[in-house]
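Residue-level structural notes
Take a look at the letters that make up each chain.
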Amino acid sequence: MEWRHKDLLDVNQLSKDEVQHVFETATYFQELNSRPVKKVPTLKGHSVVLFFAEPSTRTKTSFDMAGKRLSCDTFALAKSSSSLTKGETLKDTALTLQAMNPDGIVIRHWASGAAQFLAERLECSVINAGDGRHAHPTQALLDGFTLYQEWGSLVGKTILILGDIAHSRVARSNLILLNMMGAKVRFCGPRTLLPPHIRKWPAEVYTDINEACKGVDAIMCLRLQLERQQDGLLPDLREYSNYFGLGHRQIELANQDVKIMHPGPMNRGVEINSELADSEASLVLDQVASGVATRMALLYLYFTRKK
């Protein structure tokens, strides 16, 4: 398939066939990552800037590893070490980076729309690694790829996304991707952590975790953003854990081979029972491995496209 996109801002830019192509490309790189020697010269001579204005462990590290395994030069830039701390605008920082002629910029930023802002102004590829509450397309792609590896197809499967839906860019991007690939999506969380217009979204919405878990094939817990407690949206973490933390009771209500997912970092004992996070049903570490393969696929597709 000829890749026609310059940037990746959210998964709604992609067609179902293109998502499938990402999965198939990631499958090859997943096999490569299991070899004793994991490095190939595929992107030798290319370079990518990892511009993270928000903290990140998994996403930043997996992009860095993905680039290095493809022999791509990677350069990491954090807000604390950039001129953003001196008052430089995002536009000027990006233009400065582009003057160094990278093939792409991977950006994470607290402002929704930051990735699109750069994409409209830069000639190199821009890959969104999370912008505000808006989107996290590479997380959705790696989550979909993880389930694709388990099931071979997402058609007809039911996936529950559980937790802080209102502030989650992961939930928004996963909703688009999972629906596109033929799955059914459910959301569940406290009323204060559900978006105001969620009933208009293409998903079933629950506020009772037991009802939400009945008959599902996978449960994806979201990170509870603890700062929301200070905002008055949560009365107490113990109460949240009692009513919306994933436990053994909910697993019994789900389908027999239910899969457990979490984009990380996990608040064990709050969002999810610690035993479940480490159980055979858990795909949490599979998601981490899938993240490297998926991001290798994306760097390859975006950096080798015909311009």
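Scroll up for the structure.
This section reports on the structure supplied with the text. Owing to the predicted nature of the structure, the values given are computational and were not obtained by experimental measurement.

Turning our attention to helix H3 (residues 90–98). Looking only at H3, the buried set comprises Leu90, Thr93, Ala94, Leu97 and Gln98. One side of H3 carries all its buried residues, which in axial view fall inside an arc of 135 degrees. Considering only its buried residues, H3 is in contact with strand S1 (47–52), strand S2 (73–78), strand S3 (104–109) and helix H4 (114–119).

Before going further, it helps to examine the packing of aromatic side chains. Given two aromatic rings, one states the distance between the centres and the angle between the planes to describe the pair. Summed over the entire model, instances satisfying the criterion amount to eight aromatic pairs. Relative to Phe145, the ring of Phe23 has its centre 6.0 Å away and its plane inclined at 40 degrees; by these criteria the two rings are tilted. Here the residue Phe23 occupies a position in helix H1 (residues 16–32), and Phe145 occupies one in helix H5 (residues 137–151), the gap between them amounting to 122 residues. The two residues Phe23 and Phe145 agree in class, both being buried. An aromatic cluster is defined as three or more aromatic residues linked by ring pairs; in this entry it consists of Phe23, Phe145 and Tyr148. The lysine or arginine in question, Arg121, covers the ring of Phe117, its NZ or CZ lying 3.8 Å from the ring centre. Its end group placed over the ring of Trp151, Lys157 keeps NZ or CZ at 4.9 Å from the ring centre.

Turning to the environment of Ala166, a few remarks are in order. Topologically, Ala166 is positioned in the loop between strand S5 (158–162) and helix H6 (169–180). On the basis of relative accessible area, Ala166 is assigned to the buried category, the value being 12%. It is 37 Å that separates the C-alpha atoms of Ala166 and Ser34, two residues lying 132 residues apart in sequence. Setting aside its immediate chain neighbours within four residues, Ala166 contacts Arg133, Arg172, Leu193, Leu194 and Pro195.

Turning to the sheet that holds S3, a few remarks are in order. Ordered by their spatial adjacency, four strands build an open sheet running S2-S1-S3-S4, and the pairing between neighbours is parallel. Every interior strand has two partners, whereas the edge strands, S2 and strand S4 (125–131), have only one. When strand polarity is set aside, the average angle formed by the axes of neighbouring strands in this sheet is 15 degrees. Sheet topology places S3 next to S4; five bridges connect them, and they run parallel. Residue pairing for S4: Ile107 is matched across the bridge by Asn128. Against the sheet, H3 engages S1, S2 and S3, with an angle of about 160 degrees to S1.

With respect to the secondary-structure elements, Gly189 resides in the loop between strand S6 (184–188) and strand S7 (204–206). Once the C-alpha coordinates of Gly189 and Val155 are considered, the two residues, 34 residues apart in sequence, prove to be 25 Å apart. Gly189 has contacts with Gly163, Leu194, Tyr206, Thr207 and Phe244, leaving out every residue within four places of it along the chain.

Let's shift gears to the packing of H1 against H5. It is the contact of H1 with H5, at a shortest axis distance of 10 Å, that shows an interaxial angle of 70 degrees. Comparing the axis directions of H1 and H5 gives the class roughly perpendicular. The residues of H5 that touch H1, namely those facing Val19, Gln20, Val22, Phe23, Glu24, Ala26, Thr27 and Gln30, are Leu141, Gly144, Phe145, Tyr148 and Gln149. A breakdown of the residues in the contact of H1 with H5 according to their chemical character gives seven nonpolar, five polar and one charged.

Take the nonpolar core next. The biggest cluster of nonpolar side chains holds 58 residues, and the ones touching the most others in it are Leu141, Ile161, Leu177, Leu178 and Phe187. Ranked by residue count, the leading element in this core is helix H12 (residues 284–303), at nine residues. Listed in part, the 25 residues of the second largest apolar core include Leu193, Cys221, Val258 and Val270.

Rules of the game
Residues numbered from 1 in each chain as written. Predicted model: local features only at pLDDT ≥ 70, side-chain atom pairs only at ≥ 80, totals over all residues. Heavy atoms only, no water. Buried < 20%, exposed > 50% of the residue type's maximum accessible area, 1.4 Å probe, protein only. Helix = DSSP H or I, 4+ residues; strand = E, 2+ residues; numbered from the N terminus. Arc of directions from axis to C-beta. Contact = heavy atoms within 4.5 Å. Phe/Tyr/Trp six-rings, centres within 6.5 Å; stacked < 30°, edge-to-face > 60°. Lys NZ or Arg CZ within 6 Å of the ring centre and 35° of its normal. Pairing = 2+ DSSP bridges. Axes fitted to C-alpha atoms, helices over the stretch in contact; angles between N-to-C directions. Parallel < 35°, antiparallel > 145°, perpendicular 65-115°, else oblique. Nonpolar A, V, L, I, M, F, W, Y, C, P; charged D, E, K, R; others polar. Core = buried A, V, L, I, M, F, W, Y, C linked by side-chain atoms within 4.5 Å.

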